[in-house]
Amino acid sequence: MAPPSKDTLLSRRYIEGQIAAGRHVIIFDDRVLMVDSWIRFHPGGDKSIKHMVGQDATDEINALHSVEARQRMLSFQIGRIQGPWVNFLPPIQGGKFRPYDEKAESEEDNTSGQSQPPSPLFDAVDAAPGARRRSISSETSVSNPPSESSEPKPFFLDARTREEIVLDTAKYPSLDAKTQQDIKQKYRELNKRIEAEGLYDCNYFSYFIEACRYTLFAGTSYFFLRLGWYLVSAFFLGCFWHQLVFSAHDAGHIAITHNYQVDSTIGMIIADYLGGLSLGWWKRSHNVHHIVTNEPEHDPDIEHMPFFAISHRFFSNLRSTYYDRIMYFDAFSNFMLKYQHYLYYPILLFGRFNLYRLSWEYLILGQGPRKGPAWWHRWFEIAGQIFFWTWFGYGVLYCSIPTWGSRIGFLFISHMVTAPVHVQITLSHFAMSTADLGVHESFPQKMLRTTMDVDCPTWLDFFHGGLQFQAIHHLYPRIPRHNLRRTQKLVLEFCRDTGIPYALFTFTDGNKEVIGRLGDVAKQVRILEECRKSCAQQGVFSDHH
């Protein structure tokens, strides 16, 4: 078959065959894009694209990319489709695809929607109840690749998975094509309304106020440092870093100037030069998080083994598609997870140190694009890391503080004061659903099902930095955070209209929900341990007789 022109109508079998041949094909606004030549240069990393292969990525692309970026994508168009697209399961998630056979296309082409089941855990969605039938073989081959440590799981783990899916399918709108298409349409109409009301426009005066706050914290820290009040100085430096994160987050989402290079530069100056963290690492991880939110095998923001697990599915030695390694449920993780609801806050106090590790790994290994529009970001960030550790590590810790005891105290206090950021980030997702409802669930429904918002008075918005509107942010990531409270009213209308529940908790109740979820998983760890002990004892008893 000759290479298609950009306006050629492509069959489903032809697209499936291209994916089977290893090509990265996605659907965007009824256009078929083949992005193999771009994936290495994508500033947001290759994993975010791979999770969209074979799927209609229109809503995800619109949410995460500027108008200019979307226009550039059209240069990768190889054809068009006609009518609604039924998603494939992407290869990175275990999807299997048939090679293209032009002669047999007319006989085999159909719109059934998959070349294998839509979920690595379950067969096709039942039309009536919406629950899924268990597929034993597919979980072994995709979610839990065979390894030396693999072993049969107690039945209650499978029952728990089914229970979570049944609860979600009962609570949320039906996954049938008509319902989900209607949700998509209303979501896109809401986006037009948001644009019309100017909610994508940045209020730069709000950032002037933010800059004054940052200056106040930094100046106060320096003042007490000169006085020799080192621990007080460390506290205000931590406050400075805590507040800076919010603006770096905005810049990473191109939500300040809406210019990719300008916002990226702002973000790297804030994150690397002032905070010692890599914006490039964060974008690579965070973009994946926005696409496969709360999926244990795929979302790096919930992959914290061996310290935390928010789903029993982590007990089966899941392979992380982001880190490309197995997250082993070994003796150490078994011990830690049994007490994770007690260790939650103490571990988060040290969260910033882990971010240093991830940032250095990203920059040293060159995990970001080396060509394309972001080719220079790695070197700019490395310079930022040198600058940060020069002013903080050498200038503050070593030169300005006389004793090692005071230096260690300064280091830990300044870093632990930033712990509320880690609490706020995990708060939005740890208590929410991790059930896999398959590839037919719309983007807006999935975001609202896996993300919660925090209710707080307006005067406390500065403390939460926009992270209290995380569900709204997941729907429209490029809206400046100072406009999220106004956007909330429109999203509430959307939720009432579509029947999608909107999770809103107070900060206290949200923390209770998270601790409750961690405690529930810890209880399941204990049950699993008892099951294994019981099986071992019965085995010994049987051998004895």
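What counts and how
- Residues numbered from 1 in each chain as written.
- Predicted model: local features only at pLDDT ≥ 70, side-chain atom pairs only at ≥ 80, totals over all residues.
- Heavy atoms only, no water.
- Phe/Tyr/Trp six-rings, centres within 6.5 Å; stacked < 30°, edge-to-face > 60°.
- Helix = DSSP H or I, 4+ residues; strand = E, 2+ residues; numbered from the N terminus.
- Buried < 20%, exposed > 50% of the residue type's maximum accessible area, 1.4 Å probe, protein only.
- 1 Å grid on protein atoms, 1.4 Å probe; cavity = no way out; pocket = protein on both sides within 12 Å on 5 of 7 lines; lining within 4 Å.
- Points joined across faces, edges and corners; volume = space filled by probe spheres on them.
- Nonpolar A, V, L, I, M, F, W, Y, C, P; charged D, E, K, R; others polar.
- Polar contact = N/O pair within 3.5 Å; in protein donor to acceptor, adjacent residues only side chain to side chain.
- Contact = heavy atoms within 4.5 Å.
- Patch = residues over 30% accessible without salt bridge, like charges linked within 9 Å, V, L, I, M, F, W, Y side chains within 5 Å.
- Areas by Shrake-Rupley, 256 points an atom, 1.4 Å probe, with all protein chains shown as cover.
- Salt bridge = Lys/Arg side-chain N within 4 Å of Asp/Glu carboxyl O.
- Pairing = 2+ DSSP bridges.
- Axes fitted to C-alpha atoms, helices over the stretch in contact; angles between N-to-C directions.
- pLDDT = per-residue confidence, 0-100.
- Core = buried A, V, L, I, M, F, W, Y, C linked by side-chain atoms within 4.5 Å.

**Some remarks on the packing of aromatic side chains**
Overall, the coordinates contain 41 aromatic pairs when judged by the stated rule. A ring pair is formed by F353 and Y356, whose centres lie 6.4 Å apart and whose planes are at 75°; its orientation type is edge-to-face. On the criterion of helical spacing, the pair formed by F353 and Y356 is a turn pair, its members being three residues apart in helix α15 (residues 351–364). Owing to a relative accessible area of 27%, F353 belongs among the partly exposed residues under this scheme.

**Regarding empty space enclosed by the protein**
By the definition in use, this model includes eight cavities of 30 Å³ or more. What lines the largest cavity is a set of 14 residues, and nearest its centre among them are G280, Y362, A374, H377 and E381. Of all the elements in the fold, those that place two or more residues in the lining of the largest cavity are α11 (260–274), α12 (279–291) and α16 (377–398). Residue composition of the lining of the largest cavity, by class: seven nonpolar, four polar and three charged. The calculated volume of the second largest cavity comes to roughly 60 Å³. Taken together, 13 residues make up the lining of the second largest cavity; nearest its centre are H249, D250, H473, R481 and L484. Broken down by secondary-structure element, the contributors of at least two residues to the lining of the second largest cavity are α10 (230–252) and α21 (470–475).

**Re helix α13 (residues 331–338)**
Side chains that are three or four residues apart share a direction in an α-helix, a result of its 3.6 residues per turn. Considered for burial, the residues of α13 that qualify are S333, N334, M336, L337 and K338. Residue D330 occupies the N-cap position of α13, its side-chain oxygen lying 3.3 Å from the main-chain nitrogen of F332.

**Thoughts on the side chain of H422**
Note that H422 resides in helix α18 (residues 419–427). Beyond its immediate chain neighbours, meaning those up to four positions away, H422 contacts L348, G351, R352 and L355.

**Some words on the side chain of S11**
Residue placement: S11 occurs in the segment before α1 (12–20). Within the structure, S11 has its side chain in polar contact with the backbone nitrogen of Y14 (distance 3.0 Å).

**Overview of a nonpolar patch on the surface**
The grouping of L349, F350, Y394, Y398, W404, I408 and F412 at the surface amounts to a nonpolar patch, some 730 Å² of accessible area in total. Examining the composition of the nonpolar patch, we find that three residues originate from one element, helix α17 (residues 404–416), more than from any other. For F350, a relative accessible area of 38% corresponds to the partly exposed category.

**Thoughts on the pairing of strand β2 (residues 31–34)**
Burial along β2 is two-sided: the face carrying R31 and L33 and the face carrying V32 and M34 are both buried. Count of turn residues in the strand β1 (residues 25–28)/β2 antiparallel hairpin: two residues, of which D29 carries a positive phi of about 55°. Of the strand pairs in this sheet, β2 and strand β3 (residues 77–80) are connected by three bridges, and their pairing is antiparallel. Bridge pairing in β3 links L33 to Q77.

**Thoughts on the environment of E60**
Summarising the element assignment, E60 is placed in helix α3 (residues 58–64). When its relative accessible area of 10% is taken as the criterion, E60 is described as buried. Sequence separation between E60 and H474 is 414 residues, and the spatial gap between their C-alpha atoms is 9.9 Å. Discounting chain neighbours no more than four positions away, the residues touching E60 are M52, H65 and F443.

**Some details on the sheet that holds β2**
Strands sit in the order β1-β2-β3 across an open sheet of three strands; the sheet is antiparallel. This sheet does not close on itself; its edge strands, each paired only once, are β1 and β3. Here the strands of the sheet are splayed against their neighbours by 30° on average, with no regard to which way each runs. In terms of strand pairing, β1 meets β2 through four bridges, oriented antiparallel. The partner of I26 across the bridge, within β2, is L33.

**Structural notes on the confidence of the model for the chain**
On average, residues of the chain score 88 in pLDDT, and 88% of them are at 70 or above. Within the chain, α16 carries the highest mean pLDDT (97), whereas helix α6 (residues 136–143) carries the lowest (35). In this model residues 111–151 is a low-confidence stretch, pLDDT under 50, and it forms 100 contacts with partners more than four residues away in sequence or in other chains. Low pLDDT, under 50, characterises residues 541–545; the predicted model gives this stretch zero contacts beyond four residues in sequence or across chains.

**Topic: the nonpolar core**
Ranked by internal contacts, the top residues of the largest apolar core, which has 30 residues, are F240, W241, F392 and F410. Contributing elements (two or more residues each) for this core: α9 (204–227), α10, α11, α12, α15 and α16. Once residues within four sequence positions are removed from consideration, W241 is found in contact with L274, G275, R352, F388, W391, F392, S414, H415 and T418. The next biggest cluster of nonpolar side chains, apart from the first, holds 27 residues, and it includes F308, A309, M327 and V514.

**Remarks on the pattern of salt bridges**
Considering all chains together, one arrives at 24 salt bridges under this definition. In this structure, the salt-bridge partner of R80 is D7, at a minimum N-O distance of 3.2 Å. Of this pair, R80 sits in strand β3 while D7 is found in the segment before α1, placing the two residues 73 residues apart along the sequence. What makes D7 exposed here is its relative accessible area of 57%.

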